[in-house]
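Read off the chains here:
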Amino acid sequence: MEQTVNARISATGETTATKAEKVTLQIEGMTCASCVARVEKALSRVEGVATANVNLATERAEVTLARPVDASVLAKAVEDAGYDLAARTQTFSIDGMTCASCVARVEKALKAVPGVKAATVNLATERAAVTAAGSVGTATLVGAIEQAGYGARAIAGADDGKAHEERKKREEEKLKRDLAIAASLTLPVFVLEMGSHLVPAIHDFVMGTIGMRESWYLQFVLTSIVLFWPGLRFYRIGIPALLKGAPDMNSLVAVGTLAAWSYSVVATFAPALLPSGTVNVYYEAAAVIVTLILLGRYLEARAKGRTSDAIRRLVGLQPRTAHLRRDGRTVEVPIEDVVAGDLVAVRPGERIAVDGEVVEGKSFIDESMITGEPMPVGKGHGDRVVGGTVNQTGAITFRATAVGADTMLAQIIRMVEEAQGSKLPIQALVDRVTMWFVPAVMAAAALTFVVWLAFGPEPALTFGLVNAVAVLIIACPCAMGLATPTSIMVGTGRGAEMGVLFRKGEALQSLKSIGVVAVDKTGTLTEGRPALTDIHVPEGFDRAEVLPLVAAVEARSEHPIARAIVQAAEAEGLALPDVSAFESVTGFGVKAEVGGRQVEVGADRLMTRLGLDVSLFAETAATLGEDGKTPLFAAIDGKLAAILAVADPIKPTTPKAIAALHRQGLKVAMITGDNRRTAQAIARRLGIDDVVAEVLPEGKVEAVRRLKREHGSLAYVGDGINDAPALAEADVGIAIGTGTDIAIDAADVVLMSGNLEGVAHAIALSRATIRNIHENLFWAFAYNTALIPVAAGILYPQFGLLLSPVLAAGAMAMSSVFVIGNALRLRRFRVVAEDAGG
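Residues numbered from 1 in each chain as written. Predicted model: local features only at pLDDT ≥ 70, side-chain atom pairs only at ≥ 80, totals over all residues. Heavy atoms only, no water.

The name an unreviewed UniProt entry gives the chain is P-type Cu(+) transporter, with Neoaquamicrobium microcysteis as the organism. We quote the UniProt Subcellular location (unreviewed entry) comment for the chain here in full: "Cell membrane". (UniProt positions renumbered as here; feature names shortened; annotations may be inferred.)

> I'd like a description of the nonpolar core, backed by residues and values.
Within the largest apolar cluster, 143 residues are counted, with the highest numbers of intra-cluster contacts made by M97, L110, F502, L511, V517, I734 and V759. Every residue in contact with M97, bar those within four places of it in the chain, is listed here: C102, V103, V106, V121, N122, L123, E126 and Y150. Counting residues in each nonpolar core, the second largest holds 28 residues, with L532, F541, V594 and L632 among its members. (Core = buried A, V, L, I, M, F, W, Y, C linked by side-chain atoms within 4.5 Å. Buried < 20%, exposed > 50% of the residue type's maximum accessible area, 1.4 Å probe, protein only. Contact = heavy atoms within 4.5 Å.)

> Outline the sheet that holds strand β22 (residues 579-585), listing residues and values.
Strand order in the open sheet made by the 6 strands is β21-β26-β25-β24-β23-β22, with antiparallel pairing throughout. The outermost strands of the open sheet, each flanked by one partner alone, are β21 (531-536) and β22. Between one strand and the next, the sheet's axes are offset by a mean angle of 20 degrees, whatever the strand orientation. Pairing of strand β25 (residues 630-636) with strand β26 (residues 639-647), which is carried by 7 bridges, proceeds in the antiparallel orientation. What sits directly across from A635, in β26, is L640. Running at roughly 110 degrees to strand β23 (residues 589-594), helix α20 (residues 543-554) makes contact with β21, β22, β23, β24 (597-602), β25 and β26 of the sheet. (Pairing = 2+ DSSP bridges. Helix = DSSP H or I, 4+ residues; strand = E, 2+ residues; numbered from the N terminus. Axes fitted to C-alpha atoms, helices over the stretch in contact; angles between N-to-C directions.)

> Break down helix α10 (residues 249-269) for me, with residues and values.
Along its 21 residues, α10 runs 30 Å from first to last C-alpha, staying within 8% of the 30 Å computed at 1.5 Å per residue. Burial runs high along α10: 15 of the 21 residues are buried. (Expected span 1.5 Å × (residues − 1).)

> An account of the packing of aromatic side chains is requested, with residue identities and associated values reported.
All told, the structure shown has 10 aromatic pairs when counted by the stated rule. Measuring from centroid to centroid gives 5.3 Å for W452 and F463, while their planes differ by 25 degrees, and the two rings are stacked. In this pair, W452 is assigned in helix α15 (residues 427-455) and F463 in helix α16 (residues 460-474), connecting sequence segments 11 residues apart. In terms of burial, W452 and F463 fall into one category: buried. Connected via pairs of aromatic rings, a cluster forms that spans Y217, F220, F228, Y235, W261, F269 and Y283. A cation over a ring is seen here: R609 above F588, with NZ or CZ 4.6 Å from the ring centre. (Phe/Tyr/Trp six-rings, centres within 6.5 Å; stacked < 30°, edge-to-face > 60°. Lys NZ or Arg CZ within 6 Å of the ring centre and 35° of its normal.)

> Before we move on, could you go through the packing of helix α8 (residues 212-228) against α10 and cite the residues and values that matter?
Pairs of packed helices are described in terms of their axes, by the angle between the two and the distance that separates them. Put simply, α8 and α10 touch, their axes get as near as 10 Å, and they point 150 degrees apart. In this view, α8 runs roughly antiparallel relative to α10, as classed from their interaxial angle. With respect to the hand of their crossing, α8 and α10 are arranged in left-handed fashion. For the pair α8 and α10, the contacting residues are R213, W216, Y217, F220, T223, S224, L227 and F228 in the first and T257, L258, W261, V265, A267, T268 and F269 in the second. For the contact of α8 with α10, the residue count by class is 10 nonpolar, 4 polar and 1 charged. (Parallel < 35°, antiparallel > 145°, perpendicular 65-115°, else oblique. Left-handed = near helix turned anticlockwise from the far one by under 90°. Nonpolar A, V, L, I, M, F, W, Y, C, P; charged D, E, K, R; others polar.)

> How would you sum up the confidence of the model for the chain? Please name residues and give values.
Looking at the chain, pLDDT values average 80 and 86% of them are 70 or higher. Here helix α1 (residues 5-8) stands out as the element of the chain with the lowest mean pLDDT, 32, in contrast to strand β20 (residues 516-519), whose mean of 93 is the highest. (pLDDT = per-residue confidence, 0-100.)

> Tell me about the UniProt feature "transmembrane region" (unreviewed entry) in the chain, residues and numbers included.
The feature "transmembrane region" (unreviewed entry), as annotated in UniProt, sits at residues 179-203, 215-232, 252-274, 280-299, 433-455, 461-484, 777-796 and 802-824 in this numbering. Summarising residues 280-299: 85% helix, 0% strand, and an end-to-end C-alpha distance of 33 Å.

> Please give an account of unusual backbone geometry that cites residues and values.
A cis amide bond links E458 to the next residue, P459, at an omega of -5 degrees. Its location among the elements puts P459 in the loop between α15 and α16. Located in the positive-phi region is A581, a residue other than glycine, with phi close to 55 degrees. Within the fold, A581 resides in strand β22. Phi at D637 takes a positive value of approximately 55 degrees, unusual for a residue other than glycine. Considering the arrangement of structural elements, one finds D637 in the loop between β25 and β26.

This is the structure:
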């Protein structure tokens, strides 16, 4: 069994010979055979290595192990020989992050590891993507994360997604249990303390039965259980972080609640230590704060689970079994056992198991979950089918062409996950702020306490404590950390459901500021293949008579225009008669005898050569030419019989797409290698603002640069190999998913269907997502900025108003829920025809 280094390194950083006999190392810097020999020699010297074979062409070393060997030892041997291991990207699942400062701390810890080139941590997905030199072992990275105070596991494969979901489900269930415990114990504390202050009858009842001091004892017991059982999570993480000089949200909660609890304990058991008039208890504040924050965490966990619904739905499209044709019979096998080349039988109503090509039968396939297009697509012999789509009407058999991780659905899931895990440029602001935010809050709380103690009215100590706790609690930066990643997750997931894939998360932000959309013509605006668009016959001829005769002659020609005429006849079910004496007349056309009749097809000059007057169709020919169509004439038995037009037809959805882009306030340009007359004709019909025609691929790049200078940020839409340079040059490259793999690889966004309306959808979704992020960030920052002074007591001198720590805890908990709830609105995103962006 062979594995790469990326898959071979466990959480302990060791390889295991029983699990894998070989390790594959990707090596950089080798140039000749002596390099190969040097690396092989260095690896062979490592204790535990049986053999080492290095391939210069692939720049790989295949190392066979006799016993477990730490991967970092192999890497060091390669580096000592003077070569480098290629950088690799690993993904880790991280436990214990609660706010933006946690994200900053984990990133800082990872980037401090020698050899780490980049580290990106996402609070919403609770994952870290780390790009590091090959010598950096997984165990080293896990250790760095754990040293920062968080749990980490390397994500090794597809099954980890299920494991992650299970962990999140268990965490949600634990939060629900802890919340129930905390709430049931906090309620009597709240009633005993706040009820006695607010309701005279409760005060009289408490004083007449258990008494004030005994009431405090009971509150002490109940609150202590709340803090050190369901609330213990805050202290386990927050206190060590505080002692390391890197406080986080848990530290704020821990310090705030412990301050209230400790003060109350002193007031209960050693009141003489406190100044006169300051002997009060705040057990209810500590207990309610923990309960409300647990409520916020629970609601947050439930809401965060919904942000990844799109991924779960995509994964759910993958069938578990397939029906294979083997040895003349059909057998059901697990999807993992299907290999390329297998014949797969699909009955009506079943999902297509893997990607393939139809070899038998006809049917309609619902591809809406892949392309976003609602109409089923007809499939027959030679047509491609995509794994995860639904067979509707007929039974078909197809040959598997891509299985496992190579299927389109698997690639879509990977693209969506990568986009969801990425950071937008706007996130840089949050990162800068959160690095100092929590320490600043703790400083503000300390200052609040000192100012109240020095200048506040009596009891100054009580006022100082309560307001300092309120500052600590109100300022927890949970919402800041969730503001951007949750919107990205929901936005990219909604895009995938609409057939718009963001391969790079940055494109989600870049598309918002696009000023011009440049499009390729062939295959993007048009169908990408010639088709018969018009046929006009004079009096005395019948269309049903002329078309099969013309098609029969053209069937002998290999010209694309000829094929278009033949396909049109076949599509109408017309039988083509036998042809004899076929002759191609260079520069003029073709002629042949068809069923005893002489047929000539070609340009107007062929008709003139035959002595036929084409003036009858002069006006029609001019109109067709203006529309960018190629006119042809046909003569039968020496008489002018028809004028035909062939063109690459515009896709039915293209006019609506161009109109939608114009409504969004965008300029639309067409860049094509086609002739200028055809390009301008299509531009006139579609209302395109700028036309660049008759250009080679490098000319497309120059055209993109010119348009960027004139109109600002530019998105380029294309589908062919010749579009790849322009896609790469554009600020945002958008590839038609039905195009070539090279174009898709060069693009930032992929439209899974051939529908150009997806461009308008992508731009509208980008605008909606960035607007959503701005709303979240405004709430998160404005909330903290506005309420920290209120919590500190700025309104007290003039209005006599103070913010209770209990209210602060409730507001803080709800702020995160608000941010996630706002992000979840993107799940309902719809593109309406009148939408002009925003």
